[in-house]
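A closer look at the structure
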Amino acid sequence: MTIKIDFHIHTLSKAGKDNGFIFSLGWLKEYVKVQKLDAIAITNHNLFSETQFKEINDALECTVLPGIELSLKDGHVNIVFENSEDNRNKLAKIAQTLELGVVKGLSIEEFKEKFSEMKKGIIIFEYGKSNSLVIDEDFNDPFFRNYTLVRGVGTQLRFQKALLQDQPYCPVLFSDGHATEVDPDPVRNDIVKLGLKNTFVQMEKFNFNQLLEELKNKEHVQTTKDGLSNIFEIDVENNPIAVSTKLNLIVGRRGSGKTYLLDHIQSQYENSDNTIAYIRQFKSNEETKVFLDQEKNRIANDFRNRWVENNKTQLDGIVQFYKTNFEDQVEEYLKSVRRFANEFVSSKVAKEVQLFSQNKFEILDTKQNQKNMEKMKEVIEARDLWQFISGERREIYLANLISAYRELRTNLIRQELDNEIKEKVNNIVEIVKNIVVKKTAIQPVSTLDIVSQFSRYKEKQQIELFMKKAIADIVDNVVPEYSYKIHVVKEEWKSADDFIKNVPSEGRTAVKGDLVTPYTNKNYLLFLKNLFSDKYLTKFTLESGLDLSRYLFNFRVELLTEAGTRASGGQQMALGLMMKLDDAKKADIVLVDEPEGSLDNVFIKYELIPKLRELSGTIPVFVITHNSTLGALLNPDRLIIAKFNTVTKKHELKSGDFLSKEVFDSDGNVSYSYEDFVDAMEAGYDTYVEKGNQYGYLKH
């Protein structure tokens, strides 16, 4: 025998909370009567009215438990106690102190202080909500041994998921309903919908002490009266229907309300912190094509990312090389040398000023040496580091390092002084040259940083070698996927259209002459120079090696059959469906409306059915089909039959365990599933027999 409990009902409206409803004892009596409740808990937000509680307790035939929804600093909890005069008095006094101003909530210590005299309560922490309380080490305090901790959930599906997780605290359903005739949120006082949020406990009759024990061991706590495992109920137009947390098959003729049922499941659960994967019938091909394109891009990007990771240093180096402002001084320098030579030969004054032809002193850069000296000093002063060397050897090593540091410091100071002198001499030479220029009109030779120019030249050589290797590098992979193959190949640009079609770009732009022609002619340095020019930097994104790779080549992804030929449109849709089902593993509920569209029966039997069964191992799956192969071989956990009643003009649903051969309507009336199932799968028994005769005729 089971008892039915609602652990969380509001009867008082608190300012800023619970939508300002007006309490109705009549509504509460009706709720208890319709849902046949054996016990309810009155849990208002930081409030407890002893007067109102007595009114409710006297009016109802079920057990009424005193409680409170309490704000703690880290979230909300509901606390429920046995119905005794002592508990009611103490709870009323505590609530009066809370009324003085619980804004952000009590700390655990404040909670313990206020409830220090109350024992044997149930603490329900709300599970899966934004303000859920996290049960941490604070609740290991001996104080909480007086309480039974449970997880409160708002839907039967979340209850079943909580059971599967096998966590230490028993889940319980609660309605969070409002006892009122009219509520701004109709769900909060909908008697039928709230009835789906009640908890069943196996007990002969209500006993608070036994309830505490049952909540501790979890085995006798369930969501339905009959205690069936892996079952939860959904409300369809105020008619609860039992469905499975595993595989559900929905059958019926056209217009019988099958898709309506899936739409209803989506609307009921999509706003309760659940993710719904809905593979729709009439949108399936369009959505699958979009999904396939997204998957192709994802696969291509995965291959590109792996390639870039292996060549990241070179690619990032190329980006930095071309985005660094660097003037090519060699040509200008050679021109200035020729001009200077001609002017110098023809100038008598210039020949007499020997300083005019002198080169500047080279100034050595000491910045890096200064940094190294600072690091060396840090090592010397790192006493914690030196303790790992024994005493005598430590002193020797440290003395040698200090001696080396002093000598290096002396030489560095000398070098910096030398640089300073050379810098001043260079300035004097420059002044003299400027005076001579004014007197003779001879332009001096332009400056040339030969080291930087030569380094730049060597880098270009390395870039050219890398580009030849990178473009020629072959990537040609085949990845098996179900009964198909995913072919990934790295391709060079063949034309300007090919380039523009595949690269990220801000609008269409001409690229043939500047980019594609040098690219196809393997003049990669000119290609890169033009690519990083001002003309294209405003249109292209070139901030990293990964960005650059998108302008060097394309990764093409195509779907092939087992024979290696390109997959047809229907075959691509089949693979896309399987990949969407794989992606649906991340969802909380999967809805599949007539997946058989472009599939043959062999694919349905050997690919689709095993995938649906696999998926339903961890997620509730609902499948609609008119295909007899899928329907007959799916072997679901739950069969749901949809019909349209031509008399009442309403959709009707029946459900039952598939292997039991029985289905039940919302009133509990039972019927055999055979005729309805054959009618949906075969257009009636006569059609089923006729098909069998045809098969027999062909066989014999």
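The rules behind each value
- Numbering of residues starts from 1 in every chain and runs along the sequence as written.
- Per-residue local features are limited, in this predicted model, to residues with pLDDT of at least 70; the limit for side-chain atom pairs, both in listing and counting, is 80 or more; totals at the level of whole chains, interfaces and linings are taken over all residues.
- Think of the side-chain values as coming from all heavy atoms in the structure, minus any hydrogens and water.
- Numbering of helices and strands starts at the N terminus; helices are DSSP runs of H or I of at least 4 residues and strands are runs of E of at least 2.
- Burial here depends on accessible area, computed with a 1.4 Å probe over protein chains only, as a share of the maximum for the residue type. Under 20% is buried, over 50% is exposed, and the range in between is partly exposed.
- Residue contacts follow a heavy-atom distance rule, with two residues in contact if any of their heavy atoms lie within 4.5 Å.
- Pairing between strands is defined by DSSP: at least two bridges between them are needed.
- Fitted lines through C-alpha atoms give the axes, limited to the stretch in contact for helices. The angle between two N-to-C directions lies from 0 to 180 degrees.
- Residues belong to one nonpolar core when they are buried, are Ala, Val, Leu, Ile, Met, Phe, Trp, Tyr or Cys, and are joined through side-chain atoms within 4.5 Å.
- The directions from the helix axis to the C-beta atoms form the arc being described.
- For this analysis, a salt bridge means a side-chain nitrogen from Lys or Arg found within 4 Å of a carboxyl oxygen belonging to Asp or Glu.
- Here is the rule for angles: anything less than 35 degrees is roughly parallel, anything more than 145 is roughly antiparallel, 65 through 115 is roughly perpendicular, and the remaining ranges are oblique.
- Take the far helix as your reference; a near helix turned counterclockwise from it by less than a right angle gives a left-handed crossing, and one turned clockwise gives a right-handed crossing.
- Between 30 and 60 degrees the pair is tilted, below 30 it is stacked and above 60 it is edge-to-face, where a pair is any two Phe, Tyr or Trp rings, Trp via its six-membered ring, whose centres lie within 6.5 Å.
- Geometrically, a charge over a ring is one whose NZ (Lys) or CZ (Arg) sits within 6 Å of the ring centre while staying within 35 degrees of the ring normal.

1. Some remarks on the overall build of the protein chain
Tallying secondary structure elements over the protein chain gives 26 helices and 23 strands in all. In the protein chain, which comprises 700 residues, the proportion classed as buried is 44%. Look at the contacts in the protein chain between residues 6 or more apart in sequence, and 70% of them connect residues 24 or more apart.

2. Quick look at the sheet that holds strand E17 (residues 554-560)
Strand order in this open sheet of three strands is E15-E16-E17, and the pairing throughout is antiparallel. Each end of this open sheet is capped by a strand with a single partner; those strands are strand E15 (476-481) and E17. The sheet shows a mean angle of 20° between the axes of neighbouring strands, taken without regard to direction. By the bridge criterion, seven bridges tie strand E16 (residues 484-491) to E17 in an arrangement that is antiparallel. Across the sheet, Glu 491 pairs through a bridge with Asn 554, a residue of E17. Its contacts with the sheet place helix H22 (residues 569-583) against E15, E16 and E17, and it is angled at close to 95° to E16.

3. Regarding the nonpolar core
Phe 499, Leu 528, Leu 531 and Leu 548 are the most contacted members of the largest nonpolar core, which has 80 residues in total. Ignoring sequence-local partners within four residues, the contact set of Leu 531 consists of Leu 515, Tyr 536, Leu 537, Phe 540, Leu 542, Leu 548 and Tyr 551. In terms of nonpolar packing, the next biggest core, distinct from the first, is built from 41 residues, Leu 60, Val 77, Ala 92 and Leu 149 among them.

4. Topic: helix H2 (residues 50-59)
Where H2 is concerned, the buried positions are Gln 52, Phe 53 and Ile 56. Looking down the long axis of H2, one finds its buried residues gathered within 100° of arc, a one-sided arrangement. The exposed residues of H2 that point more than 90 degrees off its buried face are Thr 51, Lys 54 and Asp 58.

5. Digging into the pattern of salt bridges
In total, this model carries 30 salt bridges according to the counting rule given. In this structure, Lys 424 engages Glu 420 in a salt bridge whose closest nitrogen and oxygen atoms are separated by 3.9 Å. Of the two residues, Lys 424 and Glu 420 both sit in helix H15 (residues 391-440), four residues apart, roughly one turn of that helix. With a relative accessible area of 52%, Lys 424 lands in the exposed category. Classification of Glu 420 by relative accessible area gives partly exposed; the value is 44%. Taken together, the shared-partner salt bridges connect Glu 491, Arg 556, Glu 558 and Arg 566 into one network.

6. A short note on the packing of helix H25 (residues 674-682) against helix H26 (residues 685-699)
The geometry of H25 relative to H26 is characterised by a closest axis approach of 8 Å and an angle of 60° between their N-to-C directions. Classified by the interaxial angle, the pair formed by H25 and H26 is oblique. Read as a crossing pair, H25 and H26 show a hand that is left-handed. On H26, the residues that touch Tyr 674, Val 678 and Glu 682 of H25 are Tyr 685, Thr 687, Tyr 688 and Lys 691.

7. Description of the packing of helix H1 (residues 25-35) against H2
Relative placement of two packed helices is described by the angle separating their axes and the distance separating the axes. It is the contact of H1 with H2, at a shortest axis distance of 11 Å, that shows an interaxial angle of 40°. When the axis of H1 is compared with that of H2, the two are oblique. As H1 packs across H2, the resulting crossing turns out to be right-handed. In this structure, H1 uses Leu 25, Leu 28 and Lys 29 to contact H2, whose residues at the interface are Glu 55, Ile 56 and Ala 59.

8. Here we look at the pairing of strand E20 (residues 638-645)
Judged by how many residues are buried, E20 sits mostly within the fold: six of eight residues are covered. Pairing of strand E13 (residues 247-251) with E20 involves four bridges; the strand directions are parallel. Residue pairing across strands places Asn 248 opposite Arg 638, the latter belonging to E20. Both E20 and strand E21 (residues 650-657) contribute to a ladder of eight bridges, which runs antiparallel. Bridge pairing in E21 places Ile 641 opposite Lys 654. Taken together, E20 and the strand that follows it, E21, pair antiparallel across an intervening segment of four residues, in which Lys 649 is found at a positive phi of about 60°.

9. Structural notes on the packing of aromatic side chains
Scanning the model with the defined rule gives 27 aromatic pairs in all. Aromatic pair Trp 27 and Tyr 31: ring centres 5.1 Å apart, planes at 25°, arrangement stacked. One end of the pair is Trp 27 and the other is Tyr 31, both in helix H1 and four residues apart, which spans about a single turn. In terms of burial, Trp 27 and Tyr 31 fall into one category: buried. Judged by centre distance (5.8 Å) and plane angle (5°), the rings of Phe 111 and Phe 144 are stacked. Placement of Phe 111 in helix H4 (residues 108-114) and of Phe 144 in the loop between strand E5 (121-126) and strand E6 (147-153) is noted, with a sequence separation of 33 residues between them. When sorted by exposure, Phe 111 lands in the same class as Phe 144, which is buried. Through a chain of ring-to-ring contacts, three or more aromatic side chains come together here, namely Phe 81, Phe 111, Phe 115, Phe 143, Phe 144 and Tyr 147. Sitting over the face of the ring of Phe 303, Arg 306 holds its NZ or CZ atom 4.4 Å from the ring centroid. Sitting above the plane of the Phe 553 ring, Lys 490 keeps its charged end 4.5 Å from the centroid.

10. Describing the environment of Lys 36
Along the chain, the position of Lys 36 falls in the loop between H1 and strand E2 (39-45). Classification of Lys 36 by relative accessible area gives exposed; the value is 67%. Distance from Lys 36 to Ile 3, taken between C-alpha atoms, is 9.1 Å for residues 33 residues apart in sequence.

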